[in-house]
Amino acid sequence: MNRIIQTLTISVFMAALCTGDIFAAGSAEDYWPAWRGPLGSGVSPTGNPPVTWSETQNIQWKVPVRGKGTSSPIVWEDKIFFLTAIETDRTGTPEPALVSGSSGPAPFHGGKAPKNVHKFDVVCLNRSTGKVLWQKTAREEVPHEGHHPDHGFASYSPATDGRHVWASFGSRGVHCYDLNGQHQWSRDLGRLKAKMMFGEGSSPTLAGDALIVVMDQEDESFIYALDKNTGEIRWKQARDEVTSWATPVVAEVDGRMQAIVSATKLVRSYDVRTGDLIWQCGGQTGNVIPTPIVSFGMVFCTSGFRGSALQAIQLSRTGDLTGTDAIRWQVNEATPYVPSPILYGDKLYVCSVNNAIVSCYDAETGQAQFTKERFDRVGGIYASPVGAAGRIYFVGRKGTTQVISNTGQFEVLATNVLDDEIDASPAVAGDQLILKGKRNLYCISAP
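Note that residues are indexed from 1 along each chain, following the sequence as it is written. Confidence filtering applies because this is a predicted model: local features only for residues at pLDDT of at least 70, side-chain atom pairs given and counted only at 80 or more, and all residues used for totals across whole chains, interfaces and linings. Calculated side-chain values reflect all of the structure's heavy atoms, with hydrogen atoms and water omitted.

### Looking at the pattern of salt bridges
Rules: Any Lys or Arg side-chain nitrogen located within 4 Å of an Asp or Glu carboxyl oxygen qualifies as a salt bridge. Burial classes: relative accessible area under 20% of the type maximum marks a residue as buried, over 50% as exposed, and values in between as partly exposed (1.4 Å probe, protein chains only).
As enumerated under the stated definition, the model contains 23 salt bridges in all. For Arg139, the salt bridge is made with Glu141, and the minimal N-O distance between the two is 2.9 Å. For the residue pair Arg139 and Glu141, the accessibility class agrees, reading buried in each case.

Below you can see the structure in the form of structure tokens.
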């Protein structure tokens, strides 16, 4: 059987295996190093945060968030990182689009293009107290496009390997800092022309010494591999794609590292070393947002805009896999639009569109454990669920979180309400749950 190793959405352990690098000291309890956590699955293998909380219970600290953005926090040892966009009172003119062939702003349905200068900041907090340790402005300019009212200019999540932290602001470039906030490098990859100015948000993904960055848009789309230490472009491949927001996932298959990107036209896998296309597979819906998950020799890809798609695609194949037996199983109902799935053990959980309706499948076989069970208090969901200590946390947009057990049965263990709106996904580190709302950042931990 092929040895399929899930690595870095950004897996610190697997990057160490692939490069021989030795990372900064830290136990599994000390980190949530990237979007979707240390395993790329949404699960903390050793975490044990509280089951219950409120504004007056199990709140270790609560601090206001300056600026706007749905960037999900990451954690390394005693530090928490996230991105934010701060509108200043200065007006200005956006720079001309840098992407070749751009024909100017697209029609926008839902908001106004900005006129004010924004500061695009990387923020580092002390994990014990919530105190700001450093805050660096990566770029300062007038954004060339607007965004969906539910979106923002800082929707990317950063990533860290314990020595450096990488932050992408998309059209405002990719930036690298050390953990003390010293700037290392920046790389401008051009302007994106997002669908109907809905905004940007595919987070960068580490793959050994490479940083994988996807720039899918309504103009020319590309995927890049940047040298994580210098920011130099190792390779660049054109993509026949429209705007998508899915973050890549990385897997090692038979000794070759693959970067897998889900998108509207095709799911594609690239050789991380060369940029060569390994395989592709059709079958997703439009406006792809959820991040794939790798396990059991397969990659699980989901989408849910104007249709439903959940595909379990075998990883040991090459070529065009569309309609072949490489699709080990699939589901065509009640799949997620915005929230990514979570894989906990052998159970794969998905929301239905952006609703608080969840289904659970056996990841190896596709057999349903339960389908379309409805939470009674959560409401709409943008945040991707996280898991720890045999529990799964589903966070609603109005600040209510309901917790279920990872048993294959729909059993609500607790309902927790905060006075904030939450679209960013949680992070789990040790006995702490980090929740970033629109107004506040919460550290939830039992005394």
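There is more to say, and it comes next.
### Some remarks on the packing of aromatic side chains
Rule in force here: Think of it this way: a Phe, Tyr or Trp ring, Trp meaning its six-membered ring, pairs with another when their centres are within 6.5 Å, and the plane angle makes it stacked under 30 degrees, edge-to-face over 60, tilted otherwise. Labels follow the DSSP assignment, with helices taken as runs of H or I lasting at least four residues and strands as runs of E lasting at least two, numbered in each case from the N terminus. Either the NZ atom of lysine or the CZ atom of arginine qualifies as a charge over a ring when it sits within 6 Å of the ring centre and within 35 degrees of the ring normal.
In the structure shown here, the tally under the stated rule is 14 aromatic pairs. With 6.3 Å between their ring centres and 55 degrees between their planes, Tyr349 and Phe370 make a pair best called tilted. Taken as a pair, Tyr349 in strand E26 (residues 347-352) and Phe370 in strand E28 (residues 368-374) lie far apart in primary sequence, 21 residues in all. An aromatic cluster is present here, built from Tyr349, Phe370, Phe375, Phe394 and Phe410 joined pairwise through their rings. Its guanidinium or amino end placed over the ring of Phe222, Lys236 lies 4.2 Å from that ring's centre, counting from NZ or CZ. Geometry around Tyr382 places Arg397 over its ring, the cationic atom sitting 3.8 Å from the centre.

### Examining the nonpolar core
The line we're drawing: We define the nonpolar core as a collection of buried residues of types Ala, Val, Leu, Ile, Met, Phe, Trp, Tyr and Cys that are connected through side-chain atoms lying within 4.5 Å of one another. Residues are treated as being in contact if the distance between any of their heavy atoms lies within 4.5 Å.
With 32 residues, the main nonpolar core has Phe81, Leu211, Val213 and Leu226 as its most contacted residues. Going through the elements one at a time, strand E4 (74-76), strand E5 (79-91), strand E6 (116-126), strand E7 (132-141), strand E9 (164-168), strand E10 (174-178), strand E13 (210-215) and strand E14 (221-227) are the ones with two or more residues in this core. Other than its neighbours up to four places away in sequence, Leu226 contacts Val174, Trp185, Arg187, Leu189, Asp209, Ala210, Leu211, Val213, Gly231, Glu232, Ile233 and Arg234. Counting residues in each nonpolar core, the second largest holds 29 residues, with Trp53, Val65, Val403 and Cys443 among its members.

### A look at the sheet that holds strand E24 (residues 327-331)
Hydrogen bonds between backbone groups are what pair the strands of a sheet, and the pairing can be parallel or antiparallel. Here is the rule we go by: Between any two strands, pairing holds if DSSP finds at least two bridges. Axis definition: a line fitted to C-alpha atoms, over the contacting stretch in the case of helices. Angles run 0 to 180 degrees between N-to-C directions.
Pairing within the open sheet is antiparallel, and its 4 strands lie in the order E20-E21-E22-E24. A strand with exactly one partner marks an edge of an open sheet, and here the two such strands are strand E20 (293-295) and E24. The average angle at which neighbouring strand axes cross in this sheet is 15 degrees, direction not considered.

### Things to note about the sheet that holds E26
Here 4 strands make up an open sheet; going across it, the order is E25-E26-E27-E28 and the pairing antiparallel. With one partner strand each, in any of the chains shown, strand E25 (342-344) and E28 form the two edges of the open sheet. Direction aside, neighbouring strands of the sheet carry axes that sit 20 degrees apart on average. Two strands pair when backbone bridges link them, and strand E27 (residues 355-362) and E28 are joined in this way by 4 bridges, in the antiparallel orientation. Following the sheet pairing, Cys360 is matched in E28 by Phe370.

### Side note on the environment of Ala154
Summarising the element assignment, Ala154 is placed in the loop between E7 and strand E8 (159-160). When its relative accessible area of 0% is taken as the criterion, Ala154 is described as buried. Distance from Ala154 to Gly201, taken between C-alpha atoms, is 7.7 Å for residues 47 residues apart in sequence. Setting aside residues no more than four positions away along its own chain, Ala154 makes contact with Lys68, Gly69, Thr70, Ser71, Leu83, Thr84, Ala85 and Phe169.

### So, unusual backbone geometry
Unlike most non-glycine residues, Met196 shows phi in positive territory, near 50 degrees. Along the chain, Met196 falls in the loop between strand E11 (183-187) and strand E12 (205-207). Not every positive phi belongs to a glycine, and Asn287 is a case in point at roughly 50 degrees. The residue Asn287 is located in the loop between strand E19 (277-281) and E20 in this model.

Everything listed here is a matter of geometry and, on its own, says nothing about what the molecule does.
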